[in-house]
Amino acid sequence: MVNTEIPDNSFFCLINDPGEGSVENDLLKLASSSPNADVQLLNYYKEVPVSAPARILDVTESGVICRTSELQARAIEFSGHTIIKGAPFRHHVYANALNNKETGEITLSALHYVEVHSDQRKSVRVRMQVPPLIGLEAGTTKFSGRMLDLSLDGCAVNIPDRNLLENFSFFYITITMPLKPHQPPGTTRLLAKLAKVYQHNRLFRCIFLFEHDKSSEDQIGALIALRQTDIIRELSP
């Protein structure tokens, strides 16, 4: 039942030494509980956390059969896995997940304990549907990049050439996007610190941390709220 392979990602990692007990023992406790203990399912769709309670229907040697919300089931379809949290599990549990559209049942298998890194995030992150072109400026240097994701703390940007960064640590970033639904684009300009650069395929990915003033914080918050609404709408049946 236990599969030791977990896809590489920034959301969670395998706990190699979970201490006493095992997932199997916790499953036995879950099977013997009456009524079955409540558990919560957690997924990330385009960086946005999607979570809903699950009703346990059956616990077998191969895993768990449950029902959850339609929104959560859709998130599971896209990812093929989920994170289980709640009694009687002592840690978060990774599970391969299969959604049966005909019966509405979710089958969870290949369970093992994981540590969820994304719980440590200070703010919601959203992935862009089509990465918008944004402006970057430091000194007399000006160039453009594609913004891949955005949070209140910062953003990830792809640029074609690392030399464009020169030796600068701080950049002014200009983001032109609608701040409200069905409105013309607004422009947000704010200072950001370059925290990390690494090569990704033929491009260079830059991680920037924002140095907010009150105005920029409100504007970035509005952009995130708008994009988050769009992402959740994509999942809605």
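The model shown is predicted, which means the values in this text are computed figures rather than measured ones.

What counts and what doesn't
Residues numbered from 1 in each chain as written. Predicted model: local features only at pLDDT ≥ 70, side-chain atom pairs only at ≥ 80, totals over all residues. Heavy atoms only, no water. Salt bridge = Lys/Arg side-chain N within 4 Å of Asp/Glu carboxyl O. Helix = DSSP H or I, 4+ residues; strand = E, 2+ residues; numbered from the N terminus. Buried < 20%, exposed > 50% of the residue type's maximum accessible area, 1.4 Å probe, protein only. Arc of directions from axis to C-beta. Axes fitted to C-alpha atoms, helices over the stretch in contact; angles between N-to-C directions. Parallel < 35°, antiparallel > 145°, perpendicular 65-115°, else oblique. Contact = heavy atoms within 4.5 Å. Nonpolar A, V, L, I, M, F, W, Y, C, P; charged D, E, K, R; others polar. Polar contact = N/O pair within 3.5 Å; in protein donor to acceptor, adjacent residues only side chain to side chain. Core = buried A, V, L, I, M, F, W, Y, C linked by side-chain atoms within 4.5 Å. Phe/Tyr/Trp six-rings, centres within 6.5 Å; stacked < 30°, edge-to-face > 60°. Lys NZ or Arg CZ within 6 Å of the ring centre and 35° of its normal. Pairing = 2+ DSSP bridges.

**Q** Hey, could you run me through the pattern of salt bridges in this one?
**A** Side chains bearing opposite charge may pair, as long as their charged atoms lie close to each other. Tallied over the full model, the rule gives nine salt bridges. The shortest N-O distance in the salt bridge between E137 and R189 comes to 3.3 Å. Of the two residues, E137 sits in strand β9 (residues 133-138) while R189 sits in strand β13 (residues 185-200), which places them 52 residues apart along the sequence. Of the residues examined, E137 reaches a relative accessible area of 23% and is grouped as partly exposed. K214 is the salt-bridge partner of D218, the closest N and O atoms lying 2.8 Å from each other. Of this pair, D218 and K214 both sit in helix α3 (residues 214-235), four residues apart, roughly one helical turn. Overall, K214 belongs to the exposed group, its relative accessible area being 57%. Among the charged side chains, a salt-bridge network with shared partners connects K46, R227 and E234.

**Q** Looking at this structure, I do not really get helix α2 (residues 70-79). What am I missing?
**A** The α-helix advances 3.6 residues per turn, and as a result positions three or four apart in sequence lie on the same side. Looking at α2, one finds that the buried residues are Q72, A73, A75 and I76. Buried residues in α2, looked at end-on, bunch into an arc of 160°, giving them a common side. Following α2 by one or two positions, G80 has its phi on the positive side, about 80°.

**Q** I'm lost on the packing of α2 against α3 in this one. Help?
**A** In a packed pair of helices, the relevant descriptors are the angle between the two axes and the axis-to-axis distance. At a minimum axis separation of 9 Å, α2 and α3 run at an interaxial angle of 90°. Classed by the angle they form, the pair α2 and α3 counts as roughly perpendicular. Across from L71, R74, A75 and F78 in α2, the residues of α3 making contact are I232, E234 and L235. Its residues placed into classes, the contact of α2 with α3 shows five nonpolar, no polar and two charged.

**Q** Is there a simple way to think about the side chain of T82 in this case?
**A** Considering the arrangement of structural elements, one finds T82 in strand β5 (residues 81-85). From its side chain, T82 meets the backbone oxygen of L42 in a polar contact 3.3 Å long. Not counting the four nearest positions on each side in its chain, T82 is found in contact with L41, L42, N43, Q72, I76, V93, Y94, A95, A97 and L108.

**Q** Sorry, what's going on with the nonpolar core here?
**A** A general tendency of soluble globular proteins is for nonpolar side chains to be buried together. Ranked by size, the top nonpolar core spans 33 residues in total, and within it L150, I173, I175 and F208 carry the most contacts. Those elements that provide at least two residues to this core are β3 (48-60), β9, β10 (141-151), β11 (154-159), β12 (170-178), β13, β14 (203-211) and α3. For this core, the leading source of residues is α3, giving five residues. Apart from residues lying up to four places away in sequence, I173 is in contact with I134, G135, L136, C155, T188, R189, L190, A192, F208 and F210. If you look at the next biggest cluster of nonpolar residues, it comprises 21 residues, including L27, I56, V93 and L108.

**Q** Looking at this structure, how should I read helix α1 (residues 23-32)?
**A** Where α1 is concerned, the buried positions are V23, D26, L27 and L30. The arc enclosing the buried residues of α1, seen along the axis, measures out at 105°, which places them on a common side. Looking at α1, the residues exposed on the side facing more than 90 degrees away from the buried face are L28 and S32.

**Q** Before we go on, may I ask you to explain the packing of aromatic side chains in this structure?
**A** Two aromatic rings, taken as a pair, are described by how far apart their centres are and by the angle between their planes. Under the defined criterion, the tally for this structure stands at four aromatic pairs. On the numbers, 6.1 Å between centres and 75° between planes, the contact of F168 with F171 is edge-to-face. Judged by relative accessible area, which is 30%, F168 ranks as partly exposed. The exposure class assigned to F171 is buried, which follows from its relative accessible area of 0%. Cluster of aromatic residues (ring-pair linked, three or more members): F143, F168, F171 and F208. Positioned over the ring face of Y172 is R189, at 4.2 Å from the centre of the ring.

**Q** Help me understand the pairing of β13, please; the structure alone is not making it clear to me.
**A** Side-chain direction in a regular strand flips from residue to residue, so the side chains alternate between the two faces of the sheet. Of the strand pairs in this sheet, β12 and β13 are connected by nine bridges, and their pairing is antiparallel. If you follow I173 over to β13, its bridge partner there is L190. Once β12 ends, the chain turns through six residues before running back antiparallel as β13, passing H182 with a positive phi of about 60°. Where β13 lies against β14, nine bridges are found, and the strand directions are antiparallel. Looking across to β14, one finds that Q199 is bridged to F204.

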